Amino acid sequence: DTDISIKDKATFKVGAAVKTSYLKNDADYKDALIANFSQLTAEFEMKMESIWASENNYNWDAVDYLVDFAQDNNMEVHGHTLVWYRSFPSWFKNQNNDSIAFEAKVKTYITDVVGRYKGKIKSWDVVNEVFEDGGGMRNDDVIAPLFNDPIGFYGRCFQYARDVDPDAKLFYNDYSVVIDSGKRNAIKDMVTRFQEKGYPIDGIGAQFHYGKSTNMGTIIEGFNDLSSIGLLMHISELDIKMNTNKSDLFVFSNAIAQEQSDIYKEIVSMYNSLPESQKFAISTWGVTDNYSWLLTEWHPKEYPLLLDSNYNKKKAYQGFILGLN
Ligand code: G3I
């Protein structure tokens, strides 16, 4: 099984989050991406704070690079993410727009970005992480102060994306959605309201930043509940933490590697049992353990992905393959 590639064996796209800088500077990274993945997601470069330099002025270079790279290497691109409270550029936040002016500018941004990559970026996380744990509307410092009914604003953002690229698949993306029934119910309510008002939505992204301590039964129950909505399902940011107590003495032993492999196998097998019509992609949040966001955000001794720091296939990679059987 060592020479089988996950992207060739899966009947759905297998994606990875990438950074332009790694792609430009690390040939082994580029080779591993091409060999193992059929879709890429920009870990940062397609967010507002990276593209939206100032009013009507955009940084396209890093996005163009990723889109051109994907086209040259027969890979799809998943756009992440058009509207995220954490990614509004500071120059924009400081303009103190009223809700009408704010939404008009966001509409222009969505129209310009989705329009530029029409037919090249075939799916977008239009909106990311708008619910608090438990399902309440997020009390952020950008959207919440302007809209007492943010769901309407978010629905219109989906419409703006649809209007400019009718063929792009439009996703809502969030974390903890399969382990937090409150969040899941909030997502179901939002989808129902969108559909009642005629706002478009094609899919749900469940990030899956989980770990060995996450109960697999809970994951499977929550995923089945969420997929019962009937939309495309994207496991969008999969990584599996094993150093759950953040120990400096942690060793990624063979036994722990096998445990991680079994978790990947169960998650892939669960996803693979979706109806074909709901399969979109499984994307890992990174290509190699070495560049995982978790090394800075969680603990330096963490090994969450499918390829190790030398781009060798880990037991987790074999677990992914077994989950496809
Ligand atoms: O590249 C710039 C550099 O030019 C600048 O000088 C420096 C100082 O601001 O920032 C650099 O950008 C960093 C960027 O990653 C690229 O490396 C940002 O500081 C840093 O905040 C950003 O972190 C990303 C984070 O989202 C915020 O955008 C992480 O890499 C990325 O893994 C993380 O991904 C999120 C998903 O989008 C949504 N779901 C949760 C997930 C983890 O937080």
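Residues numbered from 1 in each chain as written. Predicted model: local features only at pLDDT ≥ 70, side-chain atom pairs only at ≥ 80, totals over all residues. Heavy atoms only, no water.

You'll find the chain entered in an unreviewed UniProt entry as Beta-xylanase, with Flaviramulus basaltis given as the organism. What UniProt states about the chain under its Catalytic activity (unreviewed entry) heading is, verbatim, "Endohydrolysis of (1->4)-beta-D-xylosidic linkages in xylans." Taken from UniProt, the Sequence similarities (unreviewed entry) comment for the chain reads in full: "Belongs to the glycosyl hydrolase 10 (cellulase F) family." (UniProt positions renumbered as here; feature names shortened; annotations may be inferred.)

This part takes up the site of the ligand. Taken together, 13 residues sit near the ligand, with E43, K47, H80, E129 and E237 positioned nearest. A distance of 2.9 Å is found between an oxygen atom of the ligand and a side-chain nitrogen or oxygen belonging to K19. For the ligand, an oxygen atom lies 2.6 Å from a polar atom in the side chain of E43. Taken by itself the ligand offers 800 Å² of open surface, and the protein chains cover 55% of this. Looking at the shell around the ligand residue by residue, the class counts come to four nonpolar, three polar and six charged. (Near = heavy atom within 4 Å. Polar contact = N/O pair within 3.5 Å; in protein donor to acceptor, adjacent residues only side chain to side chain. Areas by Shrake-Rupley, 256 points an atom, 1.4 Å probe, with all protein chains shown as cover. Nonpolar A, V, L, I, M, F, W, Y, C, P; charged D, E, K, R; others polar.)

Following the criterion strictly, the structure yields 15 salt bridges and no others. For E55, the salt bridge is made with K105, and the minimal N-O distance between the two is 3.8 Å. Taken as a pair, E55 in the loop between β3 (52–54) and β4 (57–58) and K105 in helix α7 (residues 99–116) lie far apart in primary sequence, 50 residues in all. The partner of K122 in a salt bridge is E76, and the shortest N-O contact between them spans 3.4 Å. Of the two residues, K122 sits in strand β6 (residues 121–128) while E76 sits in strand β5 (residues 76–83), which places them 46 residues apart along the sequence. Where salt bridges share partners, they join D133, D174 and K183 into one cluster. (Salt bridge = Lys/Arg side-chain N within 4 Å of Asp/Glu carboxyl O. Helix = DSSP H or I, 4+ residues; strand = E, 2+ residues; numbered from the N terminus.)

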